[in-house]
Every structure is written in structure tokens, then in C-alpha cells.
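Secondary and tertiary structure notes
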Amino acid sequence: MDAWQRIPEDENPKYGNRTLSFPVGSEIYQVSIDEARPQSILVTYQSETWTWPIEIIEKSGEHFQISGMSVPVLPVLPDAYWFELRCDSEARITYWGDQITFRVDHSI
């Protein structure tokens, strides 16, 4: 895989429109990304939706990593965390707090 390259803020990357599903306990939450909304992702859990801002977009080959700050979404997340959403064939979202991995969720 190529090295990760940061995408400039004024460039609208073509990372595609998709909704990814992630398990949390016996429940599922969804993360939606949309090229028309390059500054945020939508997180849905039990019919409620939150907007999380995107701070950094990086690309390696055809793969994207979208990063930003989450908001608490109980029971998905008990607090605000830095997130890194990898958009590839094995999509996953990593949550960080104080430079320590809080949790890694893999899409289903």
C-alpha cells in the first residue's frame, strides 16, 4: 500500500457514498459518508442521527481514512473520542482517547 497522503481541505475527495454498519454489543450503529457533505459524517443509532465533523482526510492508493472528533452517543460511545474511519474492503473505525486506542469496530 502507498504511504498515506493528506488531502487539502479545499479538495473534494471522491471517496464514494456509502453507509457502513458496525456492531456495539447486540445492537448496530451506522456511519454514513457522502461526497456531497465532505466536512462531516452521519452516525445513526436507534433512529437518532448525530453529525461528526471531519478534520482530516487521507488517501493511500484507492483507500481513504477519514478522521475527526466524535460526540458521545450512548451506548455506542460514553464520551467524545478522536475517530479514524478506514474506507476500504475491510472498513473499520478506531476510537482514540489521550493517544490510547479506546476501541476498534469492524464493519459487518
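Provided above is the structure to which this section pertains.
Just so you know, these numbers come straight off a predicted model, no measurement behind them.

Quick notes on the pairing of strand β5 (residues 48-60)
Pairing of strand β1 (residues 5-6) with β5, which is carried by two bridges, proceeds in the antiparallel orientation. Bridge pairing in β5 links R6 to E58. Here six bridges tie strand β4 (residues 40-45) to β5, and the two strands are oriented antiparallel to one another. Across the sheet, the residue bridging to L42 is T51, located in β5. Linking β4 back to β5 in an antiparallel pair, the connection comprises two residues, with Q46 at a positive phi of about 45 degrees. Pairing analysis gives six bridges linking β5 to strand β6 (residues 63-69), with the strands arranged antiparallel. Counted as the bridge partner of I54 is G68 from β6. The antiparallel pairing of β5 with β6 creates a hairpin that spans two residues between the two strands, and G61 there sits at a positive phi of about 65 degrees.

Quick notes on the rules
Residues numbered from 1 in each chain as written. Predicted model: local features only at pLDDT ≥ 70, side-chain atom pairs only at ≥ 80, totals over all residues. Heavy atoms only, no water. Pairing = 2+ DSSP bridges. Helix = DSSP H or I, 4+ residues; strand = E, 2+ residues; numbered from the N terminus.

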